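Coordinate analysis (summary)
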Amino acid sequence: MPLETPSRIVSELASRGYNAEREAVTLLAGAPEPALALEAAIEHAPDDALRITTEHVRAVLDADGAPDAPTAPGADAATATGSARKGAGASLQDDAESANEHPSVSTGTAGSRSGGSEGDAPVETKESNDDLTAAGTTAAESTAAQSPSSAHDRDPSLRSLEIANDMTGQSTGTGEYKHFVRTFRDRYERLSGLLRGRVNHRPAESIQHMAGGEDASMIGLVNDVRSTASGHWLIELEDTTGTFPALVMKDKGIADMVEEIMMDECIAIDGTLADDSGILFADSIHFPDIPRTHKPSTADRHVQAALISDVHVGSDEFMADAWHRFAEWLHTDEAEHVEYLLICGDMVEGVGVYPDQDEELDIVDIYEQYETFAEHLKEVPGDMEIVMIPGNHDAVRLAEPQPGFDEELREIMAAHDARIVSNPATVTVEGVSILMYHGVSLDEVIAELPEEKASYDEPHKAMYQLLKKRHVAPQYGGHVRMAPEEKDYLTIDEVPDVFHTGHVHKLGWGKYHNVLAVNSGCWQAQTDFQKSVNIDPDAGYAPILDLDTLEMTVRKFS
Ligand code: D5M
Ligand code: FE
Ligand code: ZN
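Residues numbered from 1 in each chain as written. Chains lettered and ligands numbered in written order. Predicted model: local features only at pLDDT ≥ 70, side-chain atom pairs only at ≥ 80, totals over all residues. Heavy atoms only, no water.

**Some remarks on the packing of aromatic side chains**
Our working definition: Two rings belonging to Phe, Tyr or Trp (six-membered ring only in the last case) form a pair when the distance between their centres is within 6.5 Å. Interplanar angles under 30 degrees mark stacking, angles over 60 mark edge-to-face geometry, and anything in between is tilted.
A full pass over the atoms with the stated rule returns eleven aromatic pairs. Members of the aromatic cluster, connected to one another through ring pairs, are Trp-323, Phe-326, Trp-329, Trp-523 and Phe-557.

**Considerations on the coordination of the iron ion (ligand 2)**
Quick note on the threshold: Water is not part of the atom set, so a site may look incomplete; the donors themselves are N, O and S atoms within 2.8 Å of the metal, or 3.2 Å for Na, K and Ca. Under the DSSP-based scheme used, a helix requires at least four consecutive residues in state H or I and a strand at least two consecutive residues in state E, with every element numbered from the N terminus.
At 1.9 to 2.3 Å from the iron ion (ligand 2) lie its protein donor atoms, namely Asp-310 (OD), His-312 (NE2), Asp-346 (OD) and His-505 (NE2). Counting the intervening residues between successive donors of the iron ion (ligand 2) yields the motif D-x1-H-x33-D-x158-H. The distance between the iron ion (ligand 2) and the zinc ion (ligand 3) comes to 3.2 Å, and Asp-346 binds to both of them. Of this pair, Asp-310 sits in the loop between strand S9 (304-308) and helix H11 (320-330) while Asp-346 sits in the loop between strand S10 (338-343) and helix H12 (366-378), placing them 36 residues apart in sequence.

**With respect to the coordination of the zinc ion (ligand 3)**
Around the zinc ion (ligand 3), the protein supplies Asp-346 (OD), Asn-392 (OD1), His-438 (NE2) and His-503 (ND1) as donor atoms, at distances of 2.1 to 2.4 Å. Every donor residue of the zinc ion (ligand 3) comes from the same chain, spaced as D-x45-N-x45-H-x64-H.

**Structural notes on the sheet that holds strand S13 (residues 425-429)**
Note the threshold: Here, strands pair whenever DSSP counts at least two bridges between them. Axis definition: a line fit to C-alpha positions, over the contact stretch in the case of helices; interaxial angles, taken between N-to-C directions, run 0 to 180 degrees. Contact definition: two residues touch when any of their heavy atoms are within 4.5 Å.
The strand order across the open sheet formed by six strands is S3-S13-S14-S15-S17-S16, and the pairing between neighbours is mixed. Two strands in the sheet have a free side with no partner beyond their single neighbour: strand S3 (161-164) and strand S16 (507-512). Adjacent strand axes in the sheet meet at a mean angle of 20 degrees, parallel and antiparallel pairs treated alike. As paired strands, strand S15 (residues 498-501) and strand S17 (residues 515-520) are joined by four bridges and run parallel to one another. By the bridge assignment for S17, Phe-499 is matched with Ala-517. Contacting S15, S16 and S17, helix H15 (residues 459-469) runs over the sheet at an angle of about 40 degrees to S16.

So, in structure tokens, the structure goes:
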């Protein structure tokens, strides 16, 4: 891609996982060979840099003559994730090379079957897909008559807001292969811990030495799922000692669960060893899951939070009018109790996120997009508490976990003193813990699982799957880019009371084992791409959560 314009430079850097100082971008754009200068600046920047600074660029431009292209790509986490598809995920063992030999066969849902699901089916309370407006009035009408008065009589001293699992500033990964192994080991440690009490598991290595015909259980990350010639399923699990295959017979009641399995997630399989001890005949499959006994916490007073995402300021399709109505409504008496605003990523449209995206940009400069977003944010009442995480359109590294915005962007969005945290992060609002995750993995879950278990029309069901897997982005190497960190920040260690995502631009909510899952729609009308693939976004809705009852209502502003 020719890098003649600053916005292309910004997007090229963003695609490599870097932010950049504005001045650095200007310098790169003015270099005799911007593309080479960019490569050299990345090479020059320290391995753990998240941002290309003027200093990095000056250092390479000031060196004699034009900079040489580096011999290896920058070792940034986001760069490394692009190429190391699968295999890395499978490597829990120190001898990573051997694990890497296994081809990636993602056939978990091939030949999908329907039929009664296990007794494990999600428990749902009121679901959202029946009637979007049933729970709320059209605020457009009610606000039109009212002028925005922020005469709310609120007492900020009653509020409490705590953040957990914010990894901003904690990134240690440099994208080296061994760091992936470390992250997956940590995933295994955390998630196997949730399964250990439920099965009497043995390490792969010791199962290999057990006598044929014995009962055995293994906990591992899914290394491979494929169907056999006779229609059974072969699942290979890996733990820190090795791998072991399990066979799920097609006529076993549990074959239905196989279609929910994704690569790299942690599961347990219980069964009986074959006579030659070479394979485990599966009797049951276990996901880490949310205990059915989970009792969510609630606030001690009547107070509400608006859960939104995917504002996409800067896009031609950003629905400014709907946003103004929403912001105005927040000033009305009706919204007196809405004291919190949680924004789950994609504040702006960004640049260079998808091919040909620039044809649909209203604002082409990424900083201007944030400046405009900040202006829109100023429309909401000044005494609201705001929490924001980034999404895949935002100017932070694409690889997950995504750290919160850098200082320059924070300054731009300084109004309201919003809490800017990582994607994912957990915010506890007056006792209610809300796991916020932008939601890129939802595309993956929807693509891999059969329609009735996850679809764009019922995004909350895809969220149930993530809860069940206790991981916000189980499968590595598809839509989701992952940064190898010392710990796997993407596991769901603590059961949240509410799970809030966005990204798929569809509104949907429901309860899974008492956890309220809310996918919050968007503020962007249908784009050309969405038209081409028949995605009809739910734009201009604000889900409002009662923190004292965990009831949801939806307000429509479009
Ligand atoms: O994602 C909005 C939704 O649309 C999400 O489900 C991905 C999908 N989407 C949108 N544009 C594209 C392109 N060009 N390729 C693939 N998938 C796409 P958002 O993160 O807001 O773009
Ligand atoms: Fe989005
Ligand atoms: Zn998104």
